[in-house]
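Notes for the structure review
The lines below spell out each chain.
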Amino acid sequence: MSFHSFTGTDTYLAAPELRDSVNVASALEKPLLVRGEPGTGKTVLAEAIAENLVMDLLTWNIKSTSKAQEGLYVYDTVQRLNDARFGDKDITDISRYIKYGPLGRSFRADQRVVLLIDEIDKADMEFPNDLLHELDRMSFFVHETGRQHTARFRPIVIITSNNEKELPDAFLRRCVFHYIAFPDKAEMEDIIRVHHPDVEAELLQQVLLRFYWLRDLPEIRKKPSTSELIDWIAALRRGGVSTDVIESELPFLGVLMKRENDLEAVMAAHRRGRIN
Amino acid sequence: MFVDFFYHLRGYGLKVTITEWLALMRALAIGYSRADLHVFYNLARCLMVKREADFDNYDRAFASFFMGVENHFDISDELLEWLSNPKLPRELTDEERAKLQALDLDELRERFKEVLDEQKERHDGGNRWIGTGGMSPFGHGGEHPTGVRIGGAGGGRSAVQVATDRRFRNLRSDRILDTRQIGLALRRLRKLGKDEGPEELDIDETIDSSARNAGEIDLVFRPPKRNRIKLLLLIDVGGSMDPHTLLCERLFSAAHKANHFKKFEFKFFHNCVYENLYTDISRWKGEPTSRVLKRLDHTWSVCLVGDAWMSPYELTHTGGAIDYYHSNQVTGLDWLRKFRDRCPNSIWLNPEPLRIWNAPTIHLIRQVFPMFELTIDGLTEGIDVLRGIRPNRALAA
């Protein structure tokens, strides 16, 4: 048996534990459920896997109104009705009006693909349960045409969740689970060097010091994430801010903190001089 | 050994099921094995632990199980032994038995032997198997062309040592919560009921139905569904509650933002409820408690938040109120009972941890209201009481 071995890519650094989890999920043909703080690269993971293993990526972005059925297929009755009124199209072939969703397309693909089910917790509480059967069997039945579609190549399914809602136990049992912890300082350095390869060491150290100090402030409601840090560094460099100014003034803080209360809290803490 | 590990995990409160455990056996048998406990640590975790809140328990279980045996532990031997003599956990359900049959242990055993043979031939330099010095992408401390090792476990430390670090302690769900978590917990607080009033036109169903009906318009109506929860939040402020201000603020702001209640009101009190309830934290503006009570009925739920820590006379004596100028005619305990009688579906949330609930006043109040810790678990339990899916039980007097 050959494993598709995911190793990470040039721009996506995957920790060994994460790589193991991806490969186990792929080998056991079980969905991989990825959880973690916003900005820890959950969504990008699927793109990295697709790039690394040279597979197509299908994305299903879940919204609060998403229904499990939409992921498989939708029978476009309105289109058929519309066509029937003018009589210029063949409306006897119902399969023409079956529109496959991302899940359905991933099962019908003629090679192995990566399917990303993004932010599954956005949907209704029952949503994951509605997917159980299809994810288990990797097949579905189209009632309108009476046809069964079974995946010839079981896709690598990556499911992300921000933990907005507890997911049902029955669903969790069927998944491989990985929690992406927020990167520590050393990991963050590596990540930043990917995005800013030529960043000055001194600036980087200063910025990281402020960033982790800031995240640790108890009064912050929304902690800044990796992507915001990367933006902040870009802003600081473009603004030509020197390292001692970063120390004394925390410039361009708005890039990091998006909420007024948080901004004020940081400024207050900074004035109190809690940095050391 | 494997079965013992399964029970060991369950002993630590992890809800591992046979399905998950069998997935682990399968993963080991198709090659994710060898003697590397690091790999086993992660493998077992990603297959059997599905909430980061449980990671800490897993670490504790793992460390205590493998402590001492880590150096002479060979997963391959253990697995081969298990596969030739599969001792199963007791109490299998039919569904699980069927899964086990589908797994086909004989085939697994054969495959695993192949894996082992191949491994003997070409390990240390092979690139397929998990090994500490190999080139496999699964390994640790190894060398992989594209793998950039960042942080995480390793660096010559054993898996047990890593587990004893308890890196995931802060993710435990029995710890204090933030606004968002409270908001999520409160979202559970809904009792959907069919509302009175005119039915609503279900547009999607109407279109669908008309289309199926060959274009003849077919209107579909449905009764609207709305949350019926009416919530009154009473928060203790000042004095011994000061250390909990931030937490109470969070609860308050989460509840205030939750717009799914049919009705929501909040009031403040100091230590115990007496004749007046306050609408501001500094307790200047108030409203007679009796008037608040009159507005309530059994369809309301009252959620009191406080440490319930006071001098007993503040609860049991008339004139016992903590504020000097205030002389109450009705005892605090009686006021609380009035709330309970008016709204039986009520709870008390206590920001102090359960282990120090030993003040006499806490005991008295628990005889009136069921009391829960203000943690994710406690809040969830409390909300289940309000939703009526968990029995509403105060302590017996």
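Residues numbered from 1 in each chain as written. Chains lettered and ligands numbered in written order. Predicted model: local features only at pLDDT ≥ 70, side-chain atom pairs only at ≥ 80, totals over all residues. Heavy atoms only, no water.

1. Here's the deal with the overall build of chain A
A tally of regular secondary structure across chain A gives 13 helices and 9 strands. Taken over 276 residues, chain A has a buried fraction of 51%. Counted over contacts in chain A with a minimum sequence separation of 6, partners at least 24 positions apart contribute 72%. Of the roughly 12600 Å² of accessible surface on chain A, 47% is carried by carbon and sulfur atoms. (Helix = DSSP H or I, 4+ residues; strand = E, 2+ residues; numbered from the N terminus. Buried < 20%, exposed > 50% of the residue type's maximum accessible area, 1.4 Å probe, protein only. Contact = heavy atoms within 4.5 Å. Areas by Shrake-Rupley, 256 points an atom, 1.4 Å probe, with all protein chains shown as cover.)

2. Side note on the confidence of the model for chain B
Close reading of the predicted structure is inappropriate where its pLDDT is low. Averaged over every residue, the pLDDT of chain B is 74; the share at 70 or more is 67%. Looking over chain B, one finds the lowest element-wise mean pLDDT in strand S1 (residues 192–194) of chain B, namely 57, and the highest in strand S10 (residues 347–350) of chain B, namely 92. (pLDDT = per-residue confidence, 0-100.)

3. A word on the packing of aromatic side chains
Residue and element names in this part refer to chain B. Applying the stated criterion across every chain yields a total of 25 aromatic pairs over all chains. With centroids separated by 5.0 Å and ring planes inclined at 85°, the aromatic side chains of Tyr41 and Phe62 adopt a geometry described as edge-to-face. Here the residue Tyr41 occupies a position in helix H3 (residues 37–48), and Phe62 occupies one in helix H4 (residues 55–66), the gap between them amounting to 21 residues. Accessibility expressed as a relative area gives 2% for Tyr41, which makes it buried. By relative accessible area, which is 0% here, Phe62 ends up buried. Here a set of aromatic residues connected by ring pairs shows up, and it is made of Phe5, Phe40, Tyr41, Tyr58, Phe62, Phe65 and Phe66. Its end group placed over the ring of Trp335, Lys338 keeps NZ or CZ at 4.7 Å from the ring centre. (Phe/Tyr/Trp six-rings, centres within 6.5 Å; stacked < 30°, edge-to-face > 60°. Lys NZ or Arg CZ within 6 Å of the ring centre and 35° of its normal.)

4. Some thoughts on the sheet that holds strand S9 (residues 176–180) of chain A
Residue and element names in this part refer to chain A. The sheet built from 5 strands is open, its strands ordered S2-S5-S8-S1-S9 with parallel pairing. Every other strand in the sheet has two partners, leaving strand S2 (57–61) and S9 as the edge strands with one partner each. Averaged over all pairs of adjacent strands, the angle between strand axes in this sheet comes to 20°, irrespective of strand direction. Running over the sheet, helix H2 (residues 42–53) touches strand S1 (32–36), S2, strand S5 (114–118), strand S8 (156–161) and S9 and is turned about 165° from S8. (Pairing = 2+ DSSP bridges. Axes fitted to C-alpha atoms, helices over the stretch in contact; angles between N-to-C directions.)

5. Here we look at the nonpolar core
With 93 residues, the main nonpolar core has Leu45 and Ile158 of chain A together with Phe40 and Leu47 of chain B as its most contacted residues. Among the nonpolar cores identified, the runner-up in size contains 30 residues, and Cys272, Leu293, Leu296 and Leu315 of chain B belong to it. (Core = buried A, V, L, I, M, F, W, Y, C linked by side-chain atoms within 4.5 Å.)

6. Remarks on the side chain of Thr361 of chain B
Residue and element names in this part refer to chain B. Counting through the fold element by element, Thr361 comes out in helix H15 (residues 360–366). For Thr361, a relative accessible area of 0% translates into the label buried. There is a polar contact of 3.3 Å between the side chain of Thr361 and the backbone nitrogen of Met310. Setting aside residues no more than four positions away along its own chain, Thr361 makes contact with Ala308, Trp309, Met310, Ser311, Pro312 and Leu315. (Polar contact = N/O pair within 3.5 Å; in protein donor to acceptor, adjacent residues only side chain to side chain.)

7. Here's the deal with the packing of helix H1 (residues 2–11) of chain B against helix H2 (residues 18–29) of chain B
For any two helices packed against each other, one specifies the inter-axial angle together with the distance between the axes. Residues and elements named next belong to chain B. At their nearest, the axes of H1 and H2 sit 12 Å apart, and the two run at 140° to each other. The orientation of H1 with respect to H2, classified from their angle, is oblique. Pair H1 / H2 crosses with right-handed handedness. Touching Phe2, Val3 and Phe6 of H1 are Ile18, Trp21, Met25 and Leu28, all from H2. (Parallel < 35°, antiparallel > 145°, perpendicular 65-115°, else oblique. Left-handed = near helix turned anticlockwise from the far one by under 90°.)

8. Overview of unusual backbone geometry
Residues and elements named next belong to chain A. We note that Glu29 has phi near 55°; this positive angle belongs to a residue other than glycine. Within the secondary structure, Glu29 is located in the loop between helix H1 (16–28) and S1. The class for Glu29 is partly exposed, based on a relative accessible area of 34%. Notably, Met138 is not glycine yet its phi reads approximately 55°, a positive angle. Here Met138 lies in the loop between helix H6 (127–137) and strand S6 (139–142). For Met138, a relative accessible area of 1% corresponds to the buried category.

9. With respect to the side chain of Lys50 of chain B
Along the polypeptide, Lys50 of chain B turns up in the loop between H3 and H4. Of the polar contacts made by the side chain of Lys50 of chain B, one reaches the backbone oxygen of Leu172 of chain A; its length is 2.9 Å. A polar contact is formed between the side chain of Lys50 of chain B and the backbone oxygen of Leu47 of chain B, at a distance of 3.3 Å. If sequence neighbours within four positions are ignored, Lys50 of chain B has contacts with Arg35, Leu172, Arg173, Cys175 and Phe177 of chain A together with Glu20 of chain B.

10. Some details on the pattern of salt bridges
Where charged atoms from two side chains of opposite charge come close, those side chains can pair. Tallying each qualifying case throughout the model produces 21 salt bridges over all chains. For the salt bridge of Glu17 of chain A with Arg45 of chain B, the shortest nitrogen-to-oxygen distance reads 3.3 Å. With one member in each of two chains, Glu17 of chain A in helix H1 and Arg45 of chain B in helix H3 form a pair that bridges those chains. The two residues Glu17 of chain A and Arg45 of chain B agree in class, both being buried. Arg215 of chain A serves as the salt-bridge partner of Glu37 of chain A, at 2.9 Å between the closest nitrogen and oxygen. Of this pair, Glu37 of chain A sits in the loop between S1 and H2 while Arg215 of chain A sits in helix H9 (residues 201–216); the two residues are 178 residues apart in sequence, bridging distant segments of the chain. Here Glu37 of chain A falls in the partly exposed class, since its relative accessible area comes to 26%. Overall, the relative accessible area of 7% leaves Arg215 of chain A in the buried class. Three or more residues are tied together by salt bridges with common partners; here these are Glu265, Lys267, Glu287, Arg291 and Arg295 of chain B. (Salt bridge = Lys/Arg side-chain N within 4 Å of Asp/Glu carboxyl O.)

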